[in-house]
Amino acid sequence: MSTIADNIAQLAERIRSACQAVQRAPDSVMLLAVSKTKPAAALREAYAAGLRDFGENYLQEALGKQQELADLPLSWHFIGPIQSNKTRAIAEHFAWVHSVDRLKIAQRLSEQRPAELPPLNICIQVNVSGEASKSGCTPADLPDLARAISALPRLQLRGLMAIPEPTEDRAAQEAAFAAVQALNNQLRDNLKLPLDTLSMGMSHDLEAAIAQGATWVRIGTALFGARDYSQS
């Protein structure tokens, strides 16, 4: 049975190979460990194997792990849907939020970010596949939302996040990620926003995401194994 350290080594090789295929530097892609439903002990094991960035979808679960792992210098990323009543705790306890999709949430995060902390790194989640079941702003609404968020204090707009419709078709995967990269480029070119982040790609499609400019790949299953939702 493979260990978390083994899985991290395999993922590092997948990332290196994917970068080499499109002539990118391997260190231009960061691995975000998606640790929802996984116990703190598994995160501690991943830390021991070199990981520092952990993504959580569920606030209460994340806060519990943060307490258990307070002795480790971890960087916490919130990557799940955000309800208004959760923004204060997110603003206080995370370094990154990848899943902002409306201005009201960004305004609350800005107002509630403690002054003694660095600005909160923000990615706008865009619904690039147009799925009704997915969170994310529409591509049409993106420029106005990005302009408004970039003007808020205590936040640093870094780029875009997307979860395209799942497919095993490599060409379809790349087309979806290319659309996200194009939207990011348009914001940089048209609005002169200093964006440097594309949070996209998961266990099954990280190669396609890296080919289209991903800077964070969000990996859960290939790192920690299948999830057990019975306790969540």
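Per chain, residues are indexed from 1 in the order of the written sequence. Selection of residues for local features in this predicted model requires a pLDDT of at least 70, selection of side-chain atom pairs for listing and counting requires 80 or more, and totals for whole chains, interfaces and linings are taken over all residues. Water and hydrogen atoms were dropped before computing side-chain values, which therefore reflect all heavy atoms in the structure.

**Re the overall build of the protein chain**
Secondary structure elements are taken from DSSP: a helix is a run of H or I of four residues or more, a strand is a run of E of two residues or more, and numbering for both begins at the N terminus. Of the regular secondary structure elements, the protein chain holds nine helices and eight strands. For a compact globule of 232 residues, the expected C-alpha radius of gyration is about 17 Å, and the protein chain comes in at 17 Å, within 12% of that figure. The C-alpha extent of the protein chain, read off along each of the three principal axes, is 50 × 40 × 30 Å. In the protein chain, buried positions account for 49% of the 232 residues. Whether two residues are in contact is decided by their heavy atoms: any pair within 4.5 Å suffices. A separation threshold of at least 6 residues defines the contact pool for the protein chain, and within that pool the share at least 24 residues apart is 60%. Areas reported as accessible are Shrake-Rupley estimates using a 1.4 Å probe. Residue values count occlusion only from the protein chains shown. Accessible surface for the protein chain amounts to roughly 10700 Å². Of this, 51% is attributable to carbon and sulfur atoms. Radius of gyration: over C-alpha atoms. The globule rule applied is 2.2 Å multiplied by the number of residues raised to the 0.38 power. Residue burial is assigned from relative accessible area. The probe radius is 1.4 Å, only protein chains are included, and a residue is buried under 20% of its type maximum, exposed over 50%, and partly exposed in between.

**Observations concerning the environment of Ser28**
Along the chain, Ser28 turns up in the loop between α1 (4-21) and β1 (30-34). Take Ser28: its relative accessible area is 27%, and that puts it in the partly exposed class. Residues Ser28 and Arg16 lie 12 residues apart in sequence; the distance between their C-alpha atoms is 9.9 Å. The contact partners of Ser28, leaving out residues within four places of it in the chain, are Ala214 and Thr215.

**Quick notes on the packing of aromatic side chains**
Pairing of aromatic side chains requires ring centres within 6.5 Å, counting the rings of Phe and Tyr and the six-membered ring of Trp. Pairs whose planes differ by under 30 degrees are stacked, by over 60 edge-to-face, and all others tilted. Per the counting criterion, the structure on display carries three aromatic pairs. Geometrically, the ring pair formed by Trp96 and Trp216 is edge-to-face, given 5.7 Å between the ring centres and 75° between the ring planes. With Trp96 in strand β4 (residues 96-100) and Trp216 in strand β8 (residues 216-219), this pair connects stretches of sequence that are 120 residues apart. A single burial state applies to Trp96 and to Trp216, both of which are buried.

**Some points on the UniProt feature "modified residue: N6-(pyridoxal phosphate)lysine" (unreviewed entry) in the protein chain**
UniProt positions are given in the numbering used here, feature names are shortened, and annotations may be inferred rather than shown by experiment. Mapped onto this numbering, the UniProt entry gives "modified residue: N6-(pyridoxal phosphate)lysine" (unreviewed entry) at Lys36. Mapped onto the secondary structure, Lys36 falls in the loop between β1 and α2 (40-48). Under the relative-accessibility criterion, Lys36 is labelled buried at 14%.

**Some remarks on the environment of Pro114**
Positionally, Pro114 belongs in the loop between α5 (103-112) and β5 (120-125). The class for Pro114 is buried, based on a relative accessible area of 16%. Placed 40 residues apart in sequence, Pro114 and Arg154 show a C-alpha to C-alpha distance of 8.2 Å. When sequence neighbours within four positions are dropped, the list of residues in contact with Pro114 reads Ala91, Glu92 and Arg154.

**What about the UniProt feature "domain: Alanine racemase N-terminal" (unreviewed entry) in the protein chain?**
According to UniProt, the feature "domain: Alanine racemase N-terminal" (unreviewed entry) maps to residues 10-227 in the numbering used here. Secondary structure content for residues 10-227 is 41% helix and 17% strand, while the C-alpha to C-alpha distance between its ends is 19 Å.

**Some thoughts on the pattern of salt bridges**
Salt bridges are counted wherever a side-chain nitrogen of Lys or Arg sits within 4 Å of a carboxyl oxygen of Asp or Glu. Enumeration according to the criterion identifies nine salt bridges in this entry. A salt bridge links Lys65 to Glu61, with the shortest nitrogen-to-oxygen separation between them at 2.7 Å. With Lys65 and Glu61 both in helix α3 (residues 59-68) and four residues apart, this pair spans about one turn of that helix. The exposure class of Lys65 is buried, given its relative accessible area of 4%. What emerges from the salt-bridge pattern is a single network uniting Glu56, Glu61 and Lys65.

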